[in-house]
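Below, each chain spelled out in residue letters.
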Amino acid sequence: MNTEWVNTFLEIVKYGSINLAAGEMFLSQSTISTRLNLLEEELGYKLIQRSKGQRSIRLTDEGRAFLPIAKRLSQIQKEAFDIRYHPHIDLHIAAIDSYNRSFLSHLYKKILSQNPKAQLTINSRHSEEIFNLMERKDIDFGFPAMELNRKNLQIRPLFRQRLYVAKKSTSASGIKTIRPSDLDPQYEVCLHQEDEFQQWHDYWWQSGMQIRVDSFSVLSTLLSMDGYWAILPYSTIQALPPSTPVQIYELSEAPPDRICYLLEHRDQPLSQTHQSVFQILETMLHDRSFMDSNEFISLT
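Here the structure is a predicted model, which is why all the values come from computation and not from measurement.

Chemist: Can you help me understand the overall build of the protein chain in this one?
Modeler: When helices and strands are tallied, the protein chain shows 11 helices and 14 strands. Scored against the burial criterion, the 300 residues of the protein chain give a buried share of 43%. Restricting to contacts in the protein chain with at least 6 residues of sequence separation, those with at least 24 account for 70%. Only carbon and sulfur atoms are counted for the fraction: they give 47% of the accessible area of the protein chain, which is about 16600 Å².

Structure representation (structure tokens):
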């Protein structure tokens, strides 16, 4: 359907007269009438009642029914042309839960501040699930906490995160130091299971981990209980709710740093949207404003 004819109909209704519409649109009356006739012919029914000596228009029953449709068609046309100046962004991102709760929230805010109409679909998944989603091209970006060898995928490290102990305390102060041997493994809550960390962990606690969780809310609940502790990145600890007061400890025998990775599909075309996200990420990594100095370790 010719949107020019539809917009002409809307102008006639707006000004209540073919003559007035012609004047406002800087067109001749015959041009306006021709457009209206062509629209009515395509629809197969009259939109406006015509009578001699009638100055203002009157809509037919069909015209009144068509009016809201015409407004929607006009809006759709406007949105289609607006893409030229405000490209539509539809992003699907998957990350481990603690990333979504901490530093990635800064990325999402920056994307939305620069693209208010962006559509974001954000999933919290295990690292292996993120790889599977990317292989199926169900996501545009993935942020796992481990490397897996998948030939169709490209993974690159973004930065390192130091790990600390968080343990319930009602009188927390600064960052203290604790020895791994002073921690009771029966009360450990584990949020991540990377191979390098697992090797370090098994060296200190042969009995293995007692509680494994994949949910930030479950982690928060357990850390609010006496005796329970977890080894976490600083930003994850900072994201805990006020109802979960913890003391932060630096380990005397530090575990391996956790590496944050960016996962992409090798065959995925590099769109303008992808380039925009890369630019935001590079800016964040350069100025480090999204990460506390206690945690961030550059890889460059």
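From this point, the discussion proceeds with the structure in view.
Chemist: Can you help me understand the environment of Arg136 in this one?
Modeler: When you line up the elements, Arg136 lands in the loop between α7 (127–135) and β5 (141–143). Its relative accessible area of 53% is what places Arg136 among the exposed residues.

Chemist: Looking at this model, I keep getting lost on the nonpolar core. Mind explaining?
Modeler: One broad trend across soluble globular proteins is that nonpolar side chains are buried collectively. Judged by nonpolar contacts, the single largest core of 32 residues is most densely connected at Tyr99, Leu104, Leu107, Phe141 and Phe143. For this core, the secondary structure elements donating two or more residues are β3 (90–95), α6 (103–114), α7, β5, β6 (153–161), β13 (258–265) and α11 (272–287). Setting aside residues up to four positions removed in sequence, Leu107 forms contacts with Phe143, Ile280, Leu281 and Met284. Core analysis: the next-biggest nonpolar cluster, separate from the first, contains 19 residues, Ile18, Ala21, Ile48 and Ala70 among them.

Chemist: What am I meant to see in the sheet that holds strand β8 (residues 175–178) here?
Modeler: In sheet architecture, strand pairing relies on hydrogen bonds along the backbone and comes in two forms, parallel and antiparallel. Spatial ordering of the open sheet is given by β8-β12-β7-β11, a layout of four strands whose pairing is mixed. Two strands close off the open sheet at either side, each with one partner strand: β8 and β11 (229–233). For this sheet, the mean inter-axis angle between neighbouring strands, taken without regard to orientation, is 40°. The pairing of β8 with strand β12 (residues 246–251) spans four bridges and is classified as parallel. Across the sheet, the residue bridging to Ile178 is Leu251, located in β12. Seen against the sheet, helix α9 (residues 216–223) touches β7 (163–168), β11 and β12 and runs at an angle of roughly 135° to β11.

Chemist: Just checking my understanding: could you explain the side chain of Thr60 for this structure?
Modeler: Structurally, Thr60 can be placed in the loop between β2 (58–59) and α4 (61–82). On the basis of relative accessibility, which here comes to 9%, the residue Thr60 falls in the buried class. Of note is the side chain of Thr60, whose polar atom sits 2.7 Å from the backbone oxygen of Lys46.

Chemist: Sorry if this is basic, but what is going on with the packing of aromatic side chains here?
Modeler: For any pair of aromatic rings, geometry is given as the distance between the ring centres together with the angle between the planes. Enumeration over the complete set of coordinates arrives at 10 aromatic pairs. Between Tyr164 and Tyr234 the ring centres are 5.8 Å apart and the planes differ by 65°, which places this aromatic pair in the edge-to-face class. Of this pair, Tyr164 sits in strand β7 while Tyr234 sits in helix α10 (residues 234–238), and the two are 70 residues apart along the sequence. Given the relative accessible area of 4%, Tyr164 is considered buried. With 5.3 Å between their ring centres and 45° between their planes, Trp205 and Trp229 make a pair best called tilted. With a gap of 24 residues between them, Trp205 in the loop between α8 (195–204) and β10 (211–212) and Trp229 in strand β11 connect regions that are remote in the sequence. Per residue, the accessibility class of Trp205 equals that of Trp229, and both read buried. Every member of this aromatic cluster is reached through a ring pair, and the members are Phe197, Trp200, Trp205 and Trp229.

Chemist: What exactly am I supposed to notice about the packing of helix α2 (residues 18–25) against helix α3 (residues 29–43) here?
Modeler: Between two packed helices, the angle of one axis relative to the other and the distance separating the axes together describe the packing. Where α2 contacts α3, the two axes come as close as 8 Å, and the packing angle between them is 110°. It follows from the interaxial angle that α2 and α3 lie roughly perpendicular. The crossing of α2 and α3 is right-handed. Of the residues in α3, those in contact with Ile18, Asn19, Ala22 and Met25 of α2 are Gln29, Ile32, Ser33, Arg35 and Leu36. A breakdown of the residues in the contact of α2 with α3 according to their chemical character gives five nonpolar, three polar and one charged.

Chemist: Sorry, what's going on with the pattern of salt bridges here?
Modeler: A side chain with one charge may pair with a side chain of the opposite charge, provided their charged atoms come close. Counting across every chain of the model gives nine salt bridges. Between Arg156 and Glu264 there is a salt bridge whose closest N-O contact spans 3.9 Å. Within this pair, whereas Arg156 is found in strand β6, its partner Glu264 is found in strand β13, the two being separated by 108 residues in sequence. The exposure class assigned to Arg156 is partly exposed, which follows from its relative accessible area of 33%. Between Lys168 and Asp226 there is a salt bridge, with the nearest N and O atoms lying 3.0 Å from each other. Here Lys168, found in strand β7, pairs with Asp226, found in the loop between α9 and β11; they are 58 residues apart in sequence, far enough to count as distant.

Thresholds, definitions, all that
Residues numbered from 1 in each chain as written. Predicted model: local features only at pLDDT ≥ 70, side-chain atom pairs only at ≥ 80, totals over all residues. Heavy atoms only, no water. Helix = DSSP H or I, 4+ residues; strand = E, 2+ residues; numbered from the N terminus. Buried < 20%, exposed > 50% of the residue type's maximum accessible area, 1.4 Å probe, protein only. Contact = heavy atoms within 4.5 Å. Areas by Shrake-Rupley, 256 points an atom, 1.4 Å probe, with all protein chains shown as cover. Core = buried A, V, L, I, M, F, W, Y, C linked by side-chain atoms within 4.5 Å. Pairing = 2+ DSSP bridges. Axes fitted to C-alpha atoms, helices over the stretch in contact; angles between N-to-C directions. Polar contact = N/O pair within 3.5 Å; in protein donor to acceptor, adjacent residues only side chain to side chain. Phe/Tyr/Trp six-rings, centres within 6.5 Å; stacked < 30°, edge-to-face > 60°. Parallel < 35°, antiparallel > 145°, perpendicular 65-115°, else oblique. Left-handed = near helix turned anticlockwise from the far one by under 90°. Nonpolar A, V, L, I, M, F, W, Y, C, P; charged D, E, K, R; others polar. Salt bridge = Lys/Arg side-chain N within 4 Å of Asp/Glu carboxyl O.

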